[in-house]
Amino acid sequence: MTASHAVHARSLADPQGFWAEQAKRIDWETPFGQVLDNSCPPFTRWFVGGRTNLCHNALDRHQAARAAQPALVWISTETDEQRTYTYAELYDEVNRMAAILQGLGVQKGDRVLIYMPMIPQATFAMLACARIGAIHSVVFGGFASVSLAARIDDAQPRVIVSADAGSRAGKVVPYKPLLDEAIRLSQHKPEKVLLVDRKLADMPRTEGRDEDYAAWRERVAGAQVPCVWLESSEPSYVLYTSGTTGKPKGVQRDTGGYAVALATSMAYIFCGKAGDTMFTASDIGWVVGHSYIVYGPLLAGMTTVMYEGTPIRPDGGILWRIVEQYKVNLMFSAPTAIRVLKKQDPSWLTRYDLSSLRLLFLAGEPLDEPTARWIQEGIGKPVVDNYWQTESGWPIIAIQRGIEALPPKLGSPGVPAYGYDLRIVDENTGKECAPGQKGVVAIDGPLPPGCMSTVWGDDDRFVRTYWSAVPNRLCYSTFDWGVRDEDGYVFILGRTDDVINVAGHRLGTREIEESLSSHPGVAEVAVVGVQDALKGQVAMGFCIARDAARTATPADRLALEGELMKTVEQQLGAVARPARVFFVNVLPKTRSGKLLRRAIQAVAEGRDPGDLTTIEDPTALEQLQSALKG
Ligand code: PRX
């Protein structure tokens, strides 16, 4: 048995002992009485009775030893700014932000929605919420008003923190008009909106509601706000993610379990130690940003690099220049970013001093072999693929190099991480699959610390969605297909549901369909994910127009396609805009009216759609084919 297998086996045989040891990695104001309460599965409580605070563990407890060490390095190639905050400075900023939020009426348990570009104030706001026991919900800045409104209505925030604008590839993206529109659309209205003015775009303000961050920050100079100690299971945040239905799910995270899980992953998976520098090129609006830009590195006393910009501006060397300049030890990105770099001059990979860099972690979407090989050979550093989800909060499958550098197998993220009783199960019987046999990647409960505790405000949905998908077995479904080999390595084979993954961004096809359907010219629509060499997948829409005259000529079709793309961009954001929208007169459906998405996807990818005995109108597929040909 290898060391990784031994640690994994112990974590499952004696979860109480294993996690009690890991819990020593963080400070507890009140020690926990019970390590695990699983008396009401699938609702699990870790470190029962223990009181702690994420902000205390990220900042306060490092003040004695590392006040002068950089905690947060912010780099923007969009506005040409760089700023370093030491642990003492970050502590000060977060205390001020906590005082501001309290001044705006935020109390323990209140929700604060953060709709921000990648600026330091976003990190201040997250940590400030954690400090005062408020529950943050960060909404990715790439989402637009309808997405945002749905999240406002679900989270019901007392306060929203936002900014005038973000910037993407040199283009200013105003946030405030989208936010105002979202608040107009939502039933729930926040009491206050706190605004950071970057002076990138005009920002109309609503009297009595909108507050200015810079003015408040001066007013609360020197504020010291005590941490609110939370019972371990009290929520730290809600992060929305897409699923099978159009309504996004609020993934609720606890406090103590998350702190312990992240601290443990920093050691066992990311090989990070206090004083190291970690550069996670993600966005704070995604789970990778929550766990490995903000909380994980700071809990471990590391320096974290927050980057506003793309991997190719001002040139294809920017990521490596950051590594050289800030002596980055650990880097975390997504396969798409590497595929983007592959199109650049390869000499960018060797122009900078990368001697500080130990490991490159990649997650969020399948890592294809050519990309893995290209980057590994190009920079001469080990590449660590890791598989996980918004729901888990930290890696489910990885080579856990902090325990042992098991040899990687290209195409596989590795072996199940400690704490996860991972099974590949048959979707019809719930029985475990033999090695080599494809099944659903499932996890037998209890889930380890750090994983979602429930769906925000909807315990039933948590049970129904995640724990009832596999028959005859109470297990958590990841909604991914997978296969395990004889050595226990897991290969991920794509989602079992209607979620697609565009450049590492998780999107629900139903959300996009709902948005397209809201256009008056659309009668029916199907959206599927189609393989793409750069982005992994792209969304493609197939529409039936309400009025056939609107799609009579190629020019008509192009015009309507443009309108539809704009609709999605305005409602959901550019991130969800389909790559193409095609028009047909009939969509492939079963005789009972269910869309045959898999068949549509197969045709769009040029594959054989397989057995279609249930199809209502066999000509539907021919129509798809000719629409695709243009
Ligand atoms: O389908 C899997 C894919 O991304 C999904 C989770 O996306 P998200 O909630 O955005 O969390 C991303 C956290 C890194 C999974 O269900 N996925 C994630 N990582 C991998 C992956 N697919 C293959 N290989 C991976 N390493």
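Scroll up a little and you will see the structure.
Residues numbered from 1 in each chain as written. Predicted model: local features only at pLDDT ≥ 70, side-chain atom pairs only at ≥ 80, totals over all residues. Heavy atoms only, no water.

**Q** Explain the overall build of the protein to me, and be specific about the residues and the numbers.
**A** Tallying secondary structure elements over the protein gives 19 helices and 32 strands in all. Relative to its length of 630 residues, the protein is compact, with a C-alpha radius of gyration of 24 Å against a globular reference of 25 Å. A buried classification covers 60% of the 630 residues belonging to the protein. In the protein, the share of contacts with a sequence separation of at least 24, taken over all contacts with a separation of at least 6, comes to 69%. In the protein, 66 side chains carry a positive charge and 73 a negative one; their mean positions are 1 Å apart. (Helix = DSSP H or I, 4+ residues; strand = E, 2+ residues; numbered from the N terminus. Rg over C-alpha atoms; globule rule 2.2 N^0.38 Å. Buried < 20%, exposed > 50% of the residue type's maximum accessible area, 1.4 Å probe, protein only. Contact = heavy atoms within 4.5 Å. Lys, Arg positive; Asp, Glu negative; His and termini not counted. Charge placed at Lys NZ, Arg CZ, Asp CG, Glu CD.)

**Q** Report on the side chain of Glu391, specifying residues and quantitative values.
**A** Its location among the elements puts Glu391 in the loop between strand 20 (383-387) and strand 21 (397-398). Owing to a relative accessible area of 2%, Glu391 belongs among the buried residues under this scheme. A distance of 2.6 Å separates a polar atom in the side chain of Glu391 from a polar atom in the side chain of Tyr466. (Polar contact = N/O pair within 3.5 Å; in protein donor to acceptor, adjacent residues only side chain to side chain.)

**Q** Tell me about the nonpolar core, and please be specific about residues and values.
**A** In summary, soluble globular proteins display a tendency toward joint burial of nonpolar side chains. In this structure, Leu90, Leu101, Leu127, Tyr295 and Trp394 are the most contacted members of the largest nonpolar core, which totals 110 residues. Apart from residues lying up to four places away in sequence, Tyr295 is in contact with Leu54, Met126, Leu127, Ala130, His136, Tyr237, Tyr258, Leu262 and His290. Core analysis: the next-biggest nonpolar cluster, separate from the first, contains 36 residues, Trp286, Leu516, Val522 and Ala576 among them. (Core = buried A, V, L, I, M, F, W, Y, C linked by side-chain atoms within 4.5 Å.)

**Q** Give me the lowdown on the pattern of salt bridges, citing residues and values where you can.
**A** One pass over the full model with this rule turns up 45 salt bridges. The salt bridge partner of Glu365 is Arg339, with a shortest N-O separation of 2.8 Å. Residue Glu365 is located in the loop between strand 19 (359-363) and helix 14 (369-379), and its partner Arg339 is located in helix 13 (residues 335-342); the two are separated by 26 residues in the primary sequence. The class of Arg339 is buried, set by a relative accessible area of 7%. Residue Asp368 is joined to Arg339 by a salt bridge in which the shortest nitrogen-to-oxygen separation is 2.9 Å. Of the two residues, Asp368 sits in the loop between strand 19 and helix 14 while Arg339 sits in helix 13, which places them 29 residues apart along the sequence. Of the residues examined, Asp368 reaches a relative accessible area of 28% and is grouped as partly exposed. A network of salt bridges, in which partner residues are shared, links Asp421, Arg423, Glu432, Asp444 and Arg473. (Salt bridge = Lys/Arg side-chain N within 4 Å of Asp/Glu carboxyl O.)

**Q** Hey, could you go over the packing of aromatic side chains for me, with residue numbers and the actual values?
**A** Enumeration over the complete set of coordinates arrives at 33 aromatic pairs. Measuring from centroid to centroid gives 4.4 Å for Phe140 and Trp286, while their planes differ by 35 degrees, and the two rings are tilted. Of this pair, Phe140 sits in the loop between strand 7 (135-138) and helix 7 (145-155) while Trp286 sits in the loop between strand 16 (277-280) and helix 11 (287-299), placing them 146 residues apart in sequence. Each member of the pair, Phe140 as well as Trp286, is classed as buried. The positively charged end of Arg151 is found above the aromatic ring belonging to Phe143, 4.7 Å away from the centroid. The side chain of Arg219 reaches across the aromatic face of Trp216, ending 4.6 Å from its centre. (Phe/Tyr/Trp six-rings, centres within 6.5 Å; stacked < 30°, edge-to-face > 60°. Lys NZ or Arg CZ within 6 Å of the ring centre and 35° of its normal.)

**Q** Break down the site of the ligand for me, with residues and values.
**A** Around the ligand lies a shell of 17 residues, among which Asp385, Thr390, Asp480, Arg495 and Arg506 are the nearest. For the ligand, a nitrogen atom lies 2.8 Å from a polar atom in the backbone of Asn386. Take Gln389: an N or O atom from its side chain is 2.9 Å from an oxygen atom of the ligand. When isolated, the ligand has an accessible area of 550 Å², and the protein chains bury 95% of it. (Near = heavy atom within 4 Å. Areas by Shrake-Rupley, 256 points an atom, 1.4 Å probe, with all protein chains shown as cover.)

**Q** I'd like to hear about the environment of Gln325, residue by residue, with values.
**A** Within the element layout of this structure, Gln325 appears in helix 12 (residues 318-326). For Gln325 and Cys543, which are 218 residues apart along the polypeptide, the C-alpha to C-alpha distance reads 50 Å. A distance of 3.3 Å separates polar atoms of two side chains, one belonging to Gln325 and the other to Gln82.

**Q** Please set out the side chain of Glu561 residue by residue, giving values where relevant.
**A** Structurally, Glu561 can be placed in helix 17 (residues 554-571). If we ignore the near neighbours within four places in the chain, the residues touching Glu561 are Arg580, Val581 and Phe583.

**Q** I'd love a proper account of empty space enclosed by the protein, names of residues and values included.
**A** Evaluation of the coordinates by the stated rule reveals six cavities of 30 Å³ or more. Empty space within the largest cavity amounts to approximately 110 Å³. Forming the boundary of the largest cavity are Pro42, Thr44, Trp46, Asp254, Leu447, Pro448, Gly450, Cys451, Met452, Ser453, Phe462 and Trp467. Each residue belonging to the lining of the largest cavity can be placed in one class, and the counts come to eight nonpolar, three polar and one charged. (1 Å grid on protein atoms, 1.4 Å probe; cavity = no way out; pocket = protein on both sides within 12 Å on 5 of 7 lines; lining within 4 Å. Points joined across faces, edges and corners; volume = space filled by probe spheres on them. Nonpolar A, V, L, I, M, F, W, Y, C, P; charged D, E, K, R; others polar.)

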